[in-house]
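Here are the chains, one letter per residue:
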Amino acid sequence: MVSNPRGGREPCRVLALADDLSGAAETAAALRLPGRIDLGPAPVTLPAPGEALVLDLDTRQLPADEAARIVREAVRGAAAGTVLIKKTDSLLRGNLAAEAAAYAEDADGLVIAPALPVAGRTVRDGVVRLRGTPLHATDAWRAESLPAPTSVAAALGGLRTAVVPLDAVRASRRELTGRLRDLVSAGLRPVCDAETDADLDAVIAAALPLGPDVRLMGTGGLAAALGRVLGGADIPSPRGPLLPHRPLLVVVGTAEPTAVAQIAQLTAVGARHIALPAALLAEAGPPLSFPVDAHGMTVISVDNSHGILAGSARRVVAGLARAVAAVPHPADLVLTGGETARRVLDALGVTRLHPVGQIHHGAVHCHTDDGRHVVTRPGSYGDTGSLLRIARALRPVHPIVPGDHPAVSGGVSAAPVPPPSVSSAPQGEVQ
């Protein structure tokens, strides 16, 4: 039973809002509560007492004013007494200022804690740090059009904030609750320092007694702290041969440098790798076709070797999603990058995910209403062995992902196949 730390007899219900799908899945796994992920922006039904609904608002790439409108509408639909948490990107990307302002409207207060200790992302003196280095001094925003913000307050724009330093977070619960209450009463939004999961637990334990109209905002780390305080049970990681025998498609939509090494580990154990040219993906017309290994694993990525035209990145992702959706036989999916994951599932008509477990942090295993198994993972998460770990979890007894030896099996070529061609014939024929 999920406890209600604010008192009352009915268990808490939680509504979590995320701006992209991989973040929504990360949040669902972190909360450790029964529930689902809806591919919004509007939920069909709200969570029942003791359950969580994580809503992917799909606002990361939208204009700021449109993103803010969607957040307002999502919050407006929450039932009275619902615990609200807004998932933010641990690198402070997206429409953070506009969405935070909309989320804070009509609330008694907003408590912010954007640390993610499990990924080495901490907050000290109101500054996000990546393994000790201030965010703005790293290259984490290399794919963004603007420089990284110098502090959480700077990322939040005109929202009035106040830093809650680490010594205050680590004071007694009564002292921290009192400090948060004083700041909220003064019209300020506390930004809490945190370096450990215990710090985030302290923030949640101190914030919840402030009442249901004081909202929470932070990363999957804060969602995990909320789950621990509410008493949610661990969602078990997948074990054993859970899945029917069907093709496994690994769709790599991220431009992170680690993706190359991750793909190399899959091809080393026999996966087929196909790099689809970015220029062809960006074109209108029939989806690109590509061969799929009917009895193993196929990795699909974007070939950026000739560059991507300015302003075409979203068209490339849309083209990638259409190519995957055109495969004529159901396949289980591994989707890296929130934008890629959402566009692929939209193209397949998937509107809801049910969390099963977490293979490693951020790599969340779900199933769909039509029986597919889907793993989503943020593009910036995972070491070089991430995709191989995910493949082994989904296909634990299949020879394509042997646990102890990297031999290529089944006669599948480990080399990338030549670029596919656009065709009006049936697409994605399984070979």
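Cut-offs applied
- Residues numbered from 1 in each chain as written.
- Predicted model: local features only at pLDDT ≥ 70, side-chain atom pairs only at ≥ 80, totals over all residues.
- Heavy atoms only, no water.
- 1 Å grid on protein atoms, 1.4 Å probe; cavity = no way out; pocket = protein on both sides within 12 Å on 5 of 7 lines; lining within 4 Å.
- Points joined across faces, edges and corners; volume = space filled by probe spheres on them.
- Nonpolar A, V, L, I, M, F, W, Y, C, P; charged D, E, K, R; others polar.
- Helix = DSSP H or I, 4+ residues; strand = E, 2+ residues; numbered from the N terminus.
- Expected span 1.5 Å × (residues − 1).
- Buried < 20%, exposed > 50% of the residue type's maximum accessible area, 1.4 Å probe, protein only.
- Contact = heavy atoms within 4.5 Å.
- Pairing = 2+ DSSP bridges.
- Axes fitted to C-alpha atoms, helices over the stretch in contact; angles between N-to-C directions.
- Parallel < 35°, antiparallel > 145°, perpendicular 65-115°, else oblique.
- Left-handed = near helix turned anticlockwise from the far one by under 90°.
- Core = buried A, V, L, I, M, F, W, Y, C linked by side-chain atoms within 4.5 Å.

Colleague: Where do I start with the layout of surface pockets in this structure?
Modeller: Over the atoms, a rolled probe matching the size of one water molecule traces out where space is still vacant. Computed from the structure, the second largest pocket encloses a volume of approximately 570 Å³. For the second largest pocket, the lining is made up of 24 residues, of which Ala119, Arg121, Arg131, Ser380 and Tyr381 are closest to its centre. Considering only residue class, the lining of the second largest pocket consists of 7 nonpolar, 9 polar and 8 charged.

Colleague: What's the story with helix 11 (residues 313-325) in this structure? I'm lost.
Modeller: Turn by turn, an α-helix covers 3.6 residues, leaving residues three or four places apart pointing in a common direction. Taking 1.5 Å of rise per residue, the 13 residues of helix 11 would be expected to cover 18 Å, and the 19 Å separating its terminal C-alpha atoms lies within 8% of that figure. Of the residues making up helix 11, those classed as buried are Val316, Val317, Gly319, Leu320, Ala321, Ala323 and Val324. Each element contacted by the buried residues of helix 11 is listed here: strand 12 (248-252), strand 13 (272-277), helix 10 (278-281), strand 14 (297-303), strand 15 (332-336) and helix 12 (338-348).

Colleague: Help me understand the sheet that holds strand 8 (residues 133-134), please; the structure alone is not making it clear to me.
Modeller: Strands in a sheet are paired, the pairing made by backbone hydrogen bonds, and the direction either parallel or antiparallel. Strand order in the open sheet formed by 3 strands is 6-7-8, with antiparallel pairing between adjacent strands. Strands at the two margins of the open sheet, each flanked by one partner only, are strand 6 (121-124) and strand 8. Bridge analysis of strand 6 against strand 7 (residues 127-130) gives 4 bridges, and the strand direction is antiparallel. Among the inter-strand pairings, Arg124 is bridged to a residue of strand 7, identified as Val127.

Colleague: Just to check I follow, could you spell out the packing of helix 2 (residues 64-76) against helix 3 (residues 96-104) for this structure?
Modeller: Direction vectors running N to C along helix 2 and helix 3 enclose 30 degrees, while the axes themselves pass 8 Å from each other. Regarding the angle of helix 2 to helix 3, the classification is roughly parallel. The hand of the helix 2/helix 3 crossing is right-handed. Together, Ala64, Ala67, Ala68, Val71, Arg72 and Val75 of helix 2 and Ala98, Glu99, Ala102 and Tyr103 of helix 3 make up the contact between the two elements. Here the contact of helix 2 with helix 3 is built from residues that sort into 8 nonpolar, no polar and 2 charged.

Colleague: Looking at this structure, I do not really get the nonpolar core. What am I missing?
Modeller: The nonpolar side chains of a soluble globular protein tend to be buried, and buried together. If you look at the biggest cluster of nonpolar residues, it comprises 108 residues, and the most contacted ones within it are Ile37, Leu216 and Leu226. In terms of residues, this core owes the most to one element, helix 1 (residues 21-31), which gives 7 residues. Sequence-distant contacts of Leu216, defined by excluding residues within four places in its chain, comprise Val83, Leu84, Ile85, Lys86, Tyr103, Leu110, Val111, Ile204, Ala207, Leu208, Leu222 and Leu226. By size, the runner-up hydrophobic cluster in this structure holds 20 residues, among which are Val252, Leu266, Ala271 and Val334.

Colleague: Just to check I follow, could you spell out the pairing of strand 3 (residues 52-56) for this structure?
Modeller: Two faces make up the sheet, and in a regular strand the side chains alternate between them. Among the 5 residues in strand 3, 5 count as buried, and that is most of the element. With burial as the criterion, each face of strand 3 is covered, one bearing Ala52, Val54 and Asp56 and the other bearing Leu53 and Leu55. Here strand 1 (residues 14-18) pairs with strand 3 via 5 bridges, running parallel. Of the residues in strand 3, the one forming a bridge with Leu17 is Leu55.

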